[in-house]
Amino acid sequence: MIEGILVDGLIFALLALGVFISFRILDFPDLTVDGSFATGAAIAAICIINGLGIFAATVLAFIGGAVAGAATATIHNKLKLPNLLSGILVMTMLYSINIRILGGRANIALLRVDTMITKVIGFGGSLPREYTLLIFMLLFVGIIKILIDIFFRTDLGITMGALGNNEQMIKTNGVNPETMKVIGLSLSNGLVALSGAILGQYQGFADAKLGQGMIVEGLAAVMLGEFLLRSNKIFVITLRVVLGAILYKGLMFFGRYYGYYIHMTPSDLKLITSVLVIVSLVIARSQDAAGQRRKERR
Amino acid sequence: MIKLEHISKVFHPATVNENLAINDVSLTVNSGDFITIVGSNGAGKTTLFNLISGSLFPSGGSLRIHDLEMTRVPEFKRSKYIGRIFQDPTLGTAANMSLEDNMVICSSKGFKGLKMTLNSASRKAFSEELRPLAMGLEDRLKDNVGLLSGGQRQALTLLMTVLSRPDLLLLDEHTAALDPRNAQMVLEMTQRFITDYNLTAMMITHNMKHAIDYGNRLLMMDKGEIILDVSGEEKRRLTVDTLVKKFHEIRQEEFASDEGLLST
Ligand SMILES: Nc1ncnc2c1ncn2[C@@H]1O[C@H](COP(=O)(O)OP(=O)(O)OP(=O)(O)O)[C@@H](O)[C@H]1O
Ligand SMILES: [Mg+2]
């Protein structure tokens, strides 16, 4: 059971890392996620079914998400549409596009084909299935996390880090904020699509609507993580996103299994998630205000 | 070095809110000039800076930097030549990032690639650069800039801007948000940097005395126009009283001629 939650959480952590980049680093509330998550799953499924191989499927899924993110950033940059609207437009486009990717179907099953998951389990030999997957996901997410950490230590990454905080400073230092947004949202949605690609293979099917509500779930994970650890070091910040994602999946698990004591059904979970985000926001804000008062008194 | 020709800026053109904020301004900034700018609220001083830096584009006229046509070149591209410091100390630095991260961003202008500037050598260099500020910032490279006081942040911004050796330094009431002691400190630092690095600078201030004491040239703006431009010996002889008197003289004359126009 706990292995299951961890695997779930780690797959979901990739999405949370993407959401963290758009919401926290770029300060760009990007709703593309609800579409690009399913895009990742769809691209990976179709590639695998057509025998392109797991590696190509995964890379193409990432690229598909990145293109979606770049589209949102470009609409926002060039047509001067508000960031929320740009994301909603691309998300809506993606619902149609995802069905096209799936060959005109709303979903597709990955039966009797080798996926990343079956390969990994095969590789594990006599080790229990869930443990093999857990070790694999730990490695996979660990590597991605470290790559993200390294990226945010480069000059480009550091500059991107300042964008959400102070766009004027970026411009004053000769950097085009529009370029930063394209790069940032591509990276963000690439990660989201990667998460979708793995989840699709894990559940054995891809669905054009797989991403519905994922943006709020990702946000909930990011915020939960922020309660766990306080730091300004990127290494810790990405770690807490991953931990937040796992914690979120744990909470949802308990909600699903023990919720019936309070007459909760699985369909209530989205309601709970949104309430969780609202509560987190309120708590975070009151903490900020308290911190501000403390600073002023000094 | 910088040449503005017949620059004008109209906000909300063809609406009831139409506002001619800059009215046919021509100005040449020479290399090595330290220009102070005074003028009442709404005179158009900040708008003039916005036009020079490219955060706004003019409605008419042309602007050249180093003989390069810049009238419609976006702000981030002009930043190569221009360093700008705002009245609000929070605009110059990223509060949620560490001091060293902020210094990386300011240490080179233009698009930054995947190289890693931040290492022990560059940290040491940053410390050395911060030491002359005598604020103890050299030991706080890992602290978030948001933890610094307004004066410290403004001093830091000034230092980082100067280190990038801009061809033109734009200072928009950059000491106005600070308490008198910090304001004086930042102002003196400004003067020192401008002399040491031989910078060309323009400084907006509401303090007539500062405008007179600092710089080699003084502009007075009113209603979107430069109504006074004095430099050299004439500037050195200025006092607050003569400056105020000059302002009234110029505006009175205009009233008179306006009335003259009306009556004919
Ligand atoms: N972005 C803008 N949109 C519309 N009107 C503007 C804008 N910026 C400035 N203005 C108007 O242009 C005029 C000049 O404003 P500006 O900020 O340049 O004055 P200032 O000389 O800097 O004044 P202060 O000393 O108060 O800073 C004002 O009437 C102002 O309302
Ligand atoms: Mg102003």
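Given the structure is predicted, the values throughout are model-derived calculations rather than measurements.

Analysis parameters
- Residues numbered from 1 in each chain as written.
- Chains lettered and ligands numbered in written order.
- Predicted model: local features only at pLDDT ≥ 70, side-chain atom pairs only at ≥ 80, totals over all residues.
- Heavy atoms only, no water.
- Pairing = 2+ DSSP bridges.
- Helix = DSSP H or I, 4+ residues; strand = E, 2+ residues; numbered from the N terminus.
- Axes fitted to C-alpha atoms, helices over the stretch in contact; angles between N-to-C directions.
- Contact = heavy atoms within 4.5 Å.
- Near = heavy atom within 4 Å.
- Polar contact = N/O pair within 3.5 Å; in protein donor to acceptor, adjacent residues only side chain to side chain.
- Areas by Shrake-Rupley, 256 points an atom, 1.4 Å probe, with all protein chains shown as cover.
- Domains from an automatic or database assignment.
- Buried area = accessible area lost by both parts, 1.4 Å probe.
- Buried < 20%, exposed > 50% of the residue type's maximum accessible area, 1.4 Å probe, protein only.
- Salt bridge = Lys/Arg side-chain N within 4 Å of Asp/Glu carboxyl O.
- Expected span 1.5 Å × (residues − 1).
- Core = buried A, V, L, I, M, F, W, Y, C linked by side-chain atoms within 4.5 Å.

1. Digging into the sheet that holds strand 6 (residues 82-85) of chain B
Residues and elements named next belong to chain B.
- Pairing in this open sheet of six strands is mixed, and the strands run 6-7-8-3-9-10 from one edge to the other. Both outer strands of the open sheet, strand 6 and strand 10 (225-231), are each paired with one neighbouring strand and no more. This sheet shows a mean twist of 15° between the axes of neighbouring strands, independent of strand direction.
- Pairing of strand 3 (residues 34-39) with strand 8 (residues 200-204), which is carried by four bridges, proceeds in the parallel orientation. Note that in strand 8 the partner of T36 across the bridge is M203.
- Of the strands in this sheet, strand 3, strand 6, strand 7 (168-172), strand 8 and strand 9 (217-222) are in contact with helix 1 (residues 45-53), which crosses strand 7 at around 150°.

2. Digging into the site of ligand 1
Residue and element names in this part refer to chain B.
- With respect to spatial proximity, 14 residues lie near ligand 1, and among them N41, K45, T46, T47 and H206 are the closest.
- Here an oxygen atom of ligand 1 and a side-chain polar atom of N41 are 2.7 Å apart.
- Take T46: an N or O atom from its side chain is 2.7 Å from an oxygen atom of ligand 1.
- Relative to its unbound accessible area of 630 Å², ligand 1 is 64% covered by the protein chains.
- Going through the elements one at a time, strand 2 (19-29) and helix 1 are the ones with two or more residues in the shell around ligand 1.
- It is helix 1 that contributes the most residues to the shell around ligand 1, three residues altogether.

3. Quick look at the domain arrangement of chain B
All names here are of chain B.
- Here chain B is partitioned into domain 1 (29-54 + 71-81 + 167-264) and domain 2 (90-165).
- For domain 1 and domain 2, the distance between their C-alpha centres works out to 28 Å.
- Each partner contributes to the interface: domain 1 provides 16 residues, whereas domain 2 provides 14 residues.
- Around 1200 Å² of area is buried between domain 1 and domain 2 when both sides are counted, 77% of it from carbon and sulfur atoms.
- Considering only the side of domain 1, the residues that lose the most area to domain 2 are M189, F193 and Y197, jointly responsible for 36% of the buried surface there.

4. Brief notes about the pairing of strand 9 of chain B
Residues and elements named next belong to chain B.
- In terms of residue burial, strand 9 counts as a mostly covered element, since six of its six residues are buried.
- For strand 3 and strand 9, the ladder comprises five bridges, and the chain directions are parallel. Bridge pairing links G39 to M221 in strand 9.
- What sits between the antiparallel neighbours strand 9 and strand 10 is a turn of two residues, in which K223 has the positive phi angle 45°.

5. Comments concerning the interface of chain A and chain B
- Taken residue by residue, the interface counts 25 residues in chain A and 37 residues in chain B.
- Both sides together, the interface formed by chain A and chain B hides about 2600 Å², and carbon and sulfur atoms give 58% of it.
- The largest contributions to the chain A side of the interface with chain B come from D155(A), M169(A) and N173(A), which together make up 22% of the buried area.
- The interface formed by chain A and chain B includes three salt bridges.
- The salt bridge partner of K171(A) is E75(B), with a shortest N-O separation of 3.9 Å.
- Per element, the largest residue contribution to the side of chain A that touches chain B is six residues, and it comes from helix 7 (residues 155-163) of chain A.

6. Details of the pattern of salt bridges
- A full pass over the atoms with the stated rule returns 24 salt bridges over all chains.
- We note a salt bridge from E128(B) to R131(B), for which the minimum N-O separation is 3.1 Å.
- The class of E128(B) is partly exposed, set by a relative accessible area of 45%.
- A relative accessible area of 41% places R131(B) in the partly exposed class.
- Within this structure, K78(A), K80(A) and E178(A) form a network of salt bridges that share partners.

7. Comments concerning helix 6 (residues 129-151) of chain A
All names here are of chain A.
- Its 23 residues give helix 6 an end-to-end C-alpha distance of 33 Å, which sits within 8% of 33 Å, the value for a rise of 1.5 Å per residue.
- Among all positions of helix 6, only T132, L133, L134, M137, F140, V141, I144, K145, I148, D149 and F151 are buried.
- Buried residues in helix 6 make contact with helix 1 (2-25), helix 5 (116-124), helix 7, helix 9 (177-203) and helix 11 (234-258).

8. Side note on the environment of Y95(A)
All names here are of chain A.
- For Y95, the position within the fold is in helix 4 (residues 83-101).
- Considered as a pair, Y95 and L210 are 115 residues apart in the sequence and their alpha carbons are 9.9 Å apart.
- Not counting residues within four places of it along the chain, the set of residues in contact with Y95 comprises D34, A208 and Q212.

9. Concerning the nonpolar core
- Counting 123 residues, the largest nonpolar core has L99(B) and L130(B) as the members making the most contacts within it.
- At 14 residues, the largest contribution of residues to this core is made by helix 1 of chain A.
- Once you skip the residues sitting within four places of it in the chain, L99(B) turns out to touch L130(B), L137(B), R140(B), L141(B), D143(B), V145(B), L148(B) and L156(B).
- In this structure, I52(B), I65(B), Y81(B) and I82(B) belong to the second largest nonpolar core, which totals 25 residues.

10. Structural notes on the pairing of strand 10 of chain B
- Where strand 9 of chain B lies against strand 10 of chain B, six bridges are found, and the strand directions are antiparallel. Paired with D222(B) across the two strands is E225(B), which belongs to strand 10 of chain B.

11. Re the sheet that holds strand 4 (residues 60-65) of chain B
All names here are of chain B.
- Judged by pairing direction, the sheet is antiparallel, and its four strands sit side by side in the order 2-1-4-5 without closing on themselves. Lying at the two open borders of the sheet, with one neighbouring strand each, are strand 2 and strand 5 (68-69).
- With five bridges connecting them, strand 1 (residues 2-11) and strand 4 associate as antiparallel partners. Residue pairing for strand 4: S8 is matched across the bridge by G60.
- Against the sheet, helix 1 makes contact with strand 1, strand 2 and strand 4, and its axis sits at roughly 120° relative to strand 1, the strand it touches most.

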